Amino acid sequence: MRASSAPTPSRRTVLAGAAVAAAAVALPAAAPAAAAPARRHDDSHQPHRWRTAAIGGTGFVTGLLFHPAVPGLAYARTDIGGAYRWDASKARWTALTDHLGWDDWNLLGIEALAVDPAHPDRLYLACGTYAQDWASPGAVLRSEDRGATWQRADLTVRLGANEDGRGAGERLLVDPRDSETLWLGTRHDGLLRSTDRGATWAPAAFPATPSASGQGVVFLTAAGRTVYAGWGDGSTTLYRTDGAGGWQAVPGRPSGSAATKVPIRAAYDARGRALYVTYADAPGPNGQSDGSVHRLDTVTDTWSEVTPVKPDATAGDGFGYGGVAVDARRAGTLVVTTDNRWSQVDTVFRSTDGGASWTSLKDTAVLDVSETPYLRWGEAEAKFGWWIQSVAVDPFDSKHVVFGTGATVFGTRDLVHWAPEIRGLEESAVKFLIAPPGKGARLLSGLGDIGVMYHDSLTASPSRGMASNPVSGTATGLALAALRPSYVVRTGWPSGAGAAGASSLDGGRSWQPFAAQPEIAASAPGPVAVSADGATLLWSFIHWDGTKYPAHRSTDGGASWTEVTTFPKGGTPVADPLDPRRFYVYDTDTGAVFLSGDGGATFTRGATGLPSGDVQFKVAAAPGRSGDLWLSAKDHGLFRSTDGGVTFTAVAGCQASHTLGFGRAAPVRGRKRPGAGYPAVFQTGRVSATFDGVAVLRSDDAGATWVRINDDTHQWGWTGEVITGDPRVHGRVHLGTNGRGIQYAEPE
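Residues numbered from 1 in each chain as written. Predicted model: local features only at pLDDT ≥ 70, side-chain atom pairs only at ≥ 80, totals over all residues. Heavy atoms only, no water.

Chemist: What exactly am I supposed to notice about the overall build of the chain here?
Modeler: Helix and strand counts for the chain stand at one helix and 56 strands. Taken over the C-alpha trace, the chain has a radius of gyration of 26 Å; the compact-globule value for 748 residues is 27 Å, and the two agree within 12%. Dimensions of the chain along its principal axes, counting C-alpha atoms only, are 80 × 55 × 45 Å. Taken across its 748 residues, the chain has 61% of its residues classed as buried. For the chain, the share of sequence-separated contacts (at least 6 apart) that also reach a separation of at least 24 residues comes to 53%. Per element, the accessible surface of the chain, about 26,400 Å² overall, is 49% carbon and sulfur. Once the 69 positive and 73 negative side-chain charges of the chain are each reduced to a mean point, those two points are 5 Å apart. (Helix = DSSP H or I, 4+ residues; strand = E, 2+ residues; numbered from the N terminus. Rg over C-alpha atoms; globule rule 2.2 N^0.38 Å. Buried < 20%, exposed > 50% of the residue type's maximum accessible area, 1.4 Å probe, protein only. Contact = heavy atoms within 4.5 Å. Areas by Shrake-Rupley, 256 points an atom, 1.4 Å probe, with all protein chains shown as cover. Lys, Arg positive; Asp, Glu negative; His and termini not counted. Charge placed at Lys NZ, Arg CZ, Asp CG, Glu CD.)

Here you go:
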């Protein structure tokens, strides 16, 4: 099977146990270490100007690093959304890894990054999202121009940027004694070393033995000319280079309690000759209930505990310690962060006396999230943070402190006033996109973790924030009544309240929860559809573990629901855009399309013998037409029905189709061409006559011919979930990514 059948990894879920098994079913064979360059057909490519819709973060920022020698130069890494460089002159982040394509989706998770203090233009990234055996091996990217261009070294080991421990310290380091030498700590394969600036890698002797289920090397930190390595899998948690080319355990290190079980991060105070190490009883970002902070005098090898506040899980205040950073301008000045402190909310502690005393910066913080209102999460005020495992102090401005959370980067310039420093960094995993006709929203989006948003504009974060009443986590359904576009429905995982579905009468500006919902809804919310006139709702149910349940139907706006016994369990309902009586559903278990002509009350089998066995196969209905259906069946190709799903015909020349949507038809000028007047068809797929690889494509003649509309610098890894055009502007396209937010473009 071609590697183009990329998976849809859960947004932030660490794949373990049953989740691994569920994911592995849908996963292809791992991509080759280095795919051959795809053949281009320049006459089948139309240049577009691609931009990223502004929301503001939305994902876990796992690492922040200021360059020690260049004012204003900083980098960020994320668990599934690539790496970024801070542009101080524009006060925004620049994405550095959008060139990674379909077959390299697993490299969009950045396990670690490193800079060379002696060569400011050099940047290194350790890439690899999952360390499971179904994922492809990782790679190290190296740049001589701060990430503008890259060279790549493929590894034989896997990295885990979206697994437990992803917020731990940098596992990649330029040796402070030699810029040619780099160290890379892995989770399951010990320590690697390169002596040619990351071009090649080989195992290095290390005194600890890795395991297939452990954390391995959790950080590498330079202290003068010595390198310290944190080890996450045993009683000996800290090692350092010994001056003779080897490694030794650090004497007197903290041990023997849950509070010192896993070292998380370390920072070296060169002025004070001290190494500070944070610890927790688990790697995080979840599951921590104990932790501590310790100081090592690197001259005398004397340890001191400097924990700001001791966790007390028995009293309901369990947490770990995560980020640590020192002030390069002032000896003994440092910050540390708590992690997983849900009861009292995580904070940043600051000390100016080497940890003898501490101040909680949260307690005096004034937060301003007006630029990214969704951070209020449906409440009156935003939280100071959660999942805080990365923190950094600007080496040229002691009061410029930044820290990453599960959704943003907060920064301050005076230690009191905090606001997101997140422009340009967009990490949403996008599930649904609707470009409504006429006036109203520019776009409606359904996202992983943060529910549904109403976009007045794509250049500013939605002013309404997350859709509320109710607030939801990951969106599982979003649909608009085609003949009554002011009526919109959404479903998603409940956040707080148990309501899993809601409707809007004003195009998504405001919401009301369904007056009732099936009993299964809160624990297995699935996709939803609404008839063209808005009179009928169909709601399907599927648990996160893949268990499927009967669909339900409502004809009173969600006040009551009736089970539809003839609807294939777990299927995705699709409403006909013109005929309110017609619904469709693709049974991916059997490869059959089921049809309803009575408003979803009953379904009968239509076309059979279609591809089966993959829940990511999907049907889309062409706007403005009744019974005109398109079926994206991944590497089985693209199929079309013009008789309401009774029969399907393969679309010639399309070798793969992963997701498909529609936009305004191309203008008809002069002599009518075949397919003229048909809606523009967009897809992520493979048409070898256009481009020998998976690409973003558009057809203006009902699928007879296609043009590629993205390019080699705009690929964003896996883009197989959702795409839509715009009914108002021909050529405008909106593309959902799995970690790089919403990408949108128009022809140049």
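Chemist: Sorry if this is basic, but what is going on with the sheet that holds strand β51 (residues 680-686) here?
Modeler: Strand pairing in a sheet takes place through backbone hydrogen bonds and is either antiparallel or parallel in direction. In spatial order, the strands read β50-β51-β52-β53; together these four strands make up an open sheet with antiparallel pairing. Since the sheet does not close on itself, it has two edges, and those belong to β50 (656-663) and β53 (707-708), each with one partner. Where strand β52 (residues 695-699) lies against β53, two bridges are found, and the strand directions are antiparallel. Following the sheet pairing, L697 is matched in β53 by R708. (Pairing = 2+ DSSP bridges.)

Chemist: Whenever I open this one, unusual backbone geometry confuses me. Can you help?
Modeler: Trans peptide bonds make up the majority, and among non-glycine residues the majority have a negative phi. Looking along the chain, the bond that leaves G284 and enters P285 is cis, with omega of 10°. Of note, P285 is situated in the loop between β19 (274-280) and β20 (291-297). For the bond from N469 to P470, the omega torsion is 5°, close enough to zero to count as cis. Its identity is not glycine, yet R146 carries a phi of approximately 60°, on the positive side. Structurally, the position occupied by R146 is in the loop between β8 (139-143) and β9 (151-154). The class of R146 is partly exposed, set by a relative accessible area of 26%. In this model, W387 sits at a positive phi of 55°, which is unusual for a non-glycine residue. Within the secondary structure, W387 sits in the loop between β26 (366-367) and β27 (390-393).

Chemist: What's the story with the nonpolar core in this structure? I'm lost.
Modeler: General note: in soluble globular proteins, nonpolar side chains tend to be found buried as a group. Counting residues in each nonpolar core, the largest one holds 36 residues, and the members touching the most others are Y374 and F403. In terms of nonpolar packing, the next biggest core, distinct from the first, is built from 17 residues, V70, A83, L100 and A139 among them. (Core = buried A, V, L, I, M, F, W, Y, C linked by side-chain atoms within 4.5 Å.)

Chemist: Could you clarify how one ought to interpret the pattern of salt bridges in this entry?
Modeler: Opposite charge on two side chains lets them pair, provided their charged atoms get close. All chains considered together, the criterion is met by 28 salt bridges. A cluster of three or more residues bridged by salt bridges with shared partners is formed by D116, R122, E144, E180 and R197. (Salt bridge = Lys/Arg side-chain N within 4 Å of Asp/Glu carboxyl O.)

Chemist: Is there a simple way to think about the sheet that holds strand β24 (residues 348-351) in this case?
Modeler: Pairing is antiparallel in the open sheet, where four strands are placed in the order β22-β23-β24-β25. Across the chains shown, the open sheet's two edge strands, defined by having one partner strand only, are β22 (320-326) and β25 (359-360).

Chemist: When you look at the environment of E111 in this model, what are you seeing that I'm missing?
Modeler: Within the secondary structure, E111 is located in strand β6 (residues 110-116). Taking the C-alpha atoms as reference points, E111 and R187, 76 residues apart in sequence, are found 10 Å from one another. Apart from residues no more than four positions distant in its own chain, E111 is found in contact with R77, A126, L159, G160, A161, R171 and R187. Here the side chain of E111 touches R187 through a polar contact of 2.8 Å, side chain to side chain. (Polar contact = N/O pair within 3.5 Å; in protein donor to acceptor, adjacent residues only side chain to side chain.)

Chemist: Looking at this structure, how should I read the packing of aromatic side chains?
Modeler: The geometry of two aromatic rings is summed up by the distance between their centres and the angle between their planes. By the definition in use, this model includes 25 aromatic pairs. Geometrically, the ring pair formed by W86 and W93 is edge-to-face, given 5.0 Å between the ring centres and 65° between the ring planes. A single burial state applies to W86 and to W93, both of which are buried. Here the aromatic rings of F567 and F603 are separated by 5.2 Å at their centres, their planes lie at 90°, and the arrangement is edge-to-face. With a gap of 36 residues between them, F567 in the loop between β41 (562-564) and β42 (573-575) and F603 in the loop between β44 (592-596) and β45 (604-605) connect regions that are remote in the sequence. With respect to burial, F567 and F603 carry one shared label: buried. Counting every residue linked through ring pairs, the aromatic cluster contains W183, F206, W231, Y239 and W247. The ring centre of F691 lies 3.9 Å from the NZ or CZ of R708, which sits over that ring. (Phe/Tyr/Trp six-rings, centres within 6.5 Å; stacked < 30°, edge-to-face > 60°. Lys NZ or Arg CZ within 6 Å of the ring centre and 35° of its normal.)

Chemist: What's the story with the side chain of R740 in this structure? I'm lost.
Modeler: Structurally, the position occupied by R740 is in the loop between β55 (733-736) and β56 (742-747). Separated by 3.3 Å, the side chains of R740 and T52 make a polar contact. Separated by 3.3 Å, the side chain of R740 and the backbone oxygen of E426 make a polar contact. Not counting residues within four places of it along the chain, the set of residues in contact with R740 comprises T52, G81, Y84, A95, D98, G424, E426, E427, S428 and W716.

Chemist: Which parts of the structure should I look at to understand the side chain of D701?
Modeler: Tracing the backbone through its elements, the reader meets D701 in the loop between β52 and β53. From its side chain, D701 meets the backbone nitrogen of A704 in a polar contact 3.1 Å long. Only 2.5 Å separates the side chain of D701 from the side chain of T705, close enough to count as a polar contact. With near-sequence residues (within four places) excluded, D701 lies in contact with P674 and G675.

Chemist: It is not clear to me how the confidence of the model for the chain should be interpreted in this structure. Could you clarify?
Modeler: Where the model shows low pLDDT, its predicted coordinates should not be examined in detail. On average, residues of the chain score 93 in pLDDT, and 94% of them are at 70 or above. Across residues 1-39 the pLDDT falls below 50, and counting only partners more than four positions away or on other chains, this stretch makes 94 contacts in the model. (pLDDT = per-residue confidence, 0-100.)

Chemist: Would you take a moment to explain the environment of P263 for this structure?
Modeler: With respect to the helices and strands, the residue P263 is situated in strand β18 (residues 262-269). The spacing of P263 and G232 is 31 residues in sequence and 6.3 Å in space, taken between C-alpha atoms. When near neighbours in sequence (up to four residues on either side) are disregarded, P263 contacts V218, F219, G230, W231, G232, T237, V277, T278 and Y279.

Chemist: Looking at this structure, I do not really get the pairing of strand β28 (residues 401-404). What am I missing?
Modeler: In summary, the side chains of a regular strand alternate between the two faces of the sheet. Judged by which residues are buried, β28 turns out to be covered on both faces: V401 and F403 on one side and V402 and G404 on the other are all buried. With four bridges joining them, β27 and β28 adopt antiparallel strand pairing. In the strand pairing of β28, S390 is matched with G404. Linking β28 to strand β29 (residues 409-412), which pair antiparallel, is a turn of four residues.

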